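Examining the three-dimensional arrangement
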Amino acid sequence: MSFKLKKAAAALAVAGTLTLCGCGAKLPFTQKTPNFDSTYTVTADITYDKIKAKADITRVSSDEWEMKFIEPKQLNGLSVKLNNNKYSASLGGLSFSAEHNSVYSAAPQIIAKAIGSLSNSADSATSSDGVLTINTELDGKRVTITANERNGELISLKCPHHKLSVNFSEQKPYTLVIPDEDKATIN
């Protein structure tokens, strides 16, 4: 092959690559952004200032969350529900509600709002070694969330301003279970 022909082939290859990049076509090795709007249950090891706790967090829908505390033993059995900026907690037969800005509801609301905002923030995510890092803001405070790039499973959440750190594990899809007595009412 002559020098001119080799030069023309190289120019065509470069032009073709530039055309693909310029048209917004995805290259074969780019990863699709995971679906952060799914429902799931995930175990969370939570550090909030000097308090350490463990809870199973369920994302029932985009506006409904439930956190069932496992540890420490003083919180074991405490269930916290968040929906439409309302906060309620129950332990056995006792239950109470708190205002949106209450210190009692701060950590659960930060966790729920930050994770809930992932689908809106995913475009600014950075990727390294299969881990997505998403930096976002919540009420003007920086929050950093990491997730598995392949499947969107949560890894961690950090909000330095509120001294909040969460490590996630054992994420699995959530399916609403309807008790048998309620099924009879539906049918």
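Residues numbered from 1 in each chain as written. Predicted model: local features only at pLDDT ≥ 70, side-chain atom pairs only at ≥ 80, totals over all residues. Heavy atoms only, no water.

**Quick look at the overall build of the chain**
Counting its regular elements, the chain contains four helices and eleven strands. Here the chain holds 187 residues, and 32% of them are scored as buried. Pairs at least 24 apart in sequence give 35% of the contacts found in the chain among residues at least 6 apart. As displayed, the chain has an accessible area near 12,300 Å², and 55% of this comes from carbon and sulfur atoms. (Helix = DSSP H or I, 4+ residues; strand = E, 2+ residues; numbered from the N terminus. Buried < 20%, exposed > 50% of the residue type's maximum accessible area, 1.4 Å probe, protein only. Contact = heavy atoms within 4.5 Å. Areas by Shrake-Rupley, 256 points an atom, 1.4 Å probe, with all protein chains shown as cover.)

**Structural notes on the nonpolar core**
Ranked by size, the top nonpolar core spans 37 residues in total, and within it I115, L157, L164 and F168 carry the most contacts. No other element matches helix α2 (residues 103–116), which puts seven residues into this core. Beyond its immediate sequence surroundings of up to four residues, L164 is in contact with I46, T47, Y48, A107, I110, I111, L157, K158 and C159. (Core = buried A, V, L, I, M, F, W, Y, C linked by side-chain atoms within 4.5 Å.)

**Examining the pairing of strand β11 (residues 164–173)**
Where strand β1 (residues 40–48) lies against β11, eight bridges are found, and the strand directions are antiparallel. Residue pairing across strands places Y40 opposite P173, the latter belonging to β11. Bridge count for strand β10 (residues 154–159) against β11 is four bridges, and the pairing is antiparallel. By the bridge assignment, K158 is partnered in β11 with S165. Taking the residues that link successive antiparallel strands as the turn, the β10-β11 hairpin has four residues, and the phi of K163 there is positive, at about 55 degrees. (Pairing = 2+ DSSP bridges.)

**Section: the environment of L75**
Positionally, L75 belongs in the loop between β3 (64–71) and β4 (79–83). Separated by 20 residues in the primary sequence, L75 and A55 place their C-alpha atoms 9.3 Å from one another. Those residues in contact with L75, other than ones at most four positions away along the chain, are A53 and F69.

**Brief notes about the side chain of R59**
Structurally, the position occupied by R59 is in strand β2 (residues 51–61). Overall, R59 belongs to the buried group, its relative accessible area being 1%. At 2.6 Å, the side chain of R59 and the backbone oxygen of F36 are in polar contact. At 3.4 Å, the side chain of R59 and the backbone oxygen of S38 are in polar contact. With near-sequence residues (within four places) excluded, R59 lies in contact with F36, D37, S38, T39, Y40, E64, W65 and Y174. (Polar contact = N/O pair within 3.5 Å; in protein donor to acceptor, adjacent residues only side chain to side chain.)

**Observations concerning the confidence of the model for the chain**
Put simply, the chain has an average pLDDT of 79, and 72% of its residues get 70 or more. Taken as a whole, residues 3–30 scores under 50 in pLDDT and shows four contacts with residues more than four places along the chain or in a different chain. (pLDDT = per-residue confidence, 0-100.)

**Structural notes on the pattern of salt bridges**
With the rule as written, the count across this model stands at two salt bridges. Salt-bridge contacts for R59 lead to D37; the nearest nitrogen and oxygen are separated by 3.8 Å. Taken together, the residues R59 in strand β2 and D37 in the loop between α1 (3–22) and β1 connect sequence positions 22 residues apart. For D37, a relative accessible area of 45% translates into the label partly exposed. Among the salt bridges present, the one from D49 reaches K163, with a minimum N-O distance of 4.0 Å. You can see D49 sitting in the loop between β1 and β2 and its partner K163 sitting in the loop between β10 and β11, a full 114 residues away along the chain. (Salt bridge = Lys/Arg side-chain N within 4 Å of Asp/Glu carboxyl O.)

**Considering unusual backbone geometry**
Omega for the peptide link from E71 to P72 comes to -5 degrees, which places this bond in the cis form. Turning to its location among the elements, P72 is positioned in the loop between β3 and β4. The backbone of D139 sits at a positive phi, close to 55 degrees, despite the residue not being glycine. Position of D139 relative to the elements: it lies in the loop between β8 (131–138) and β9 (141–148).

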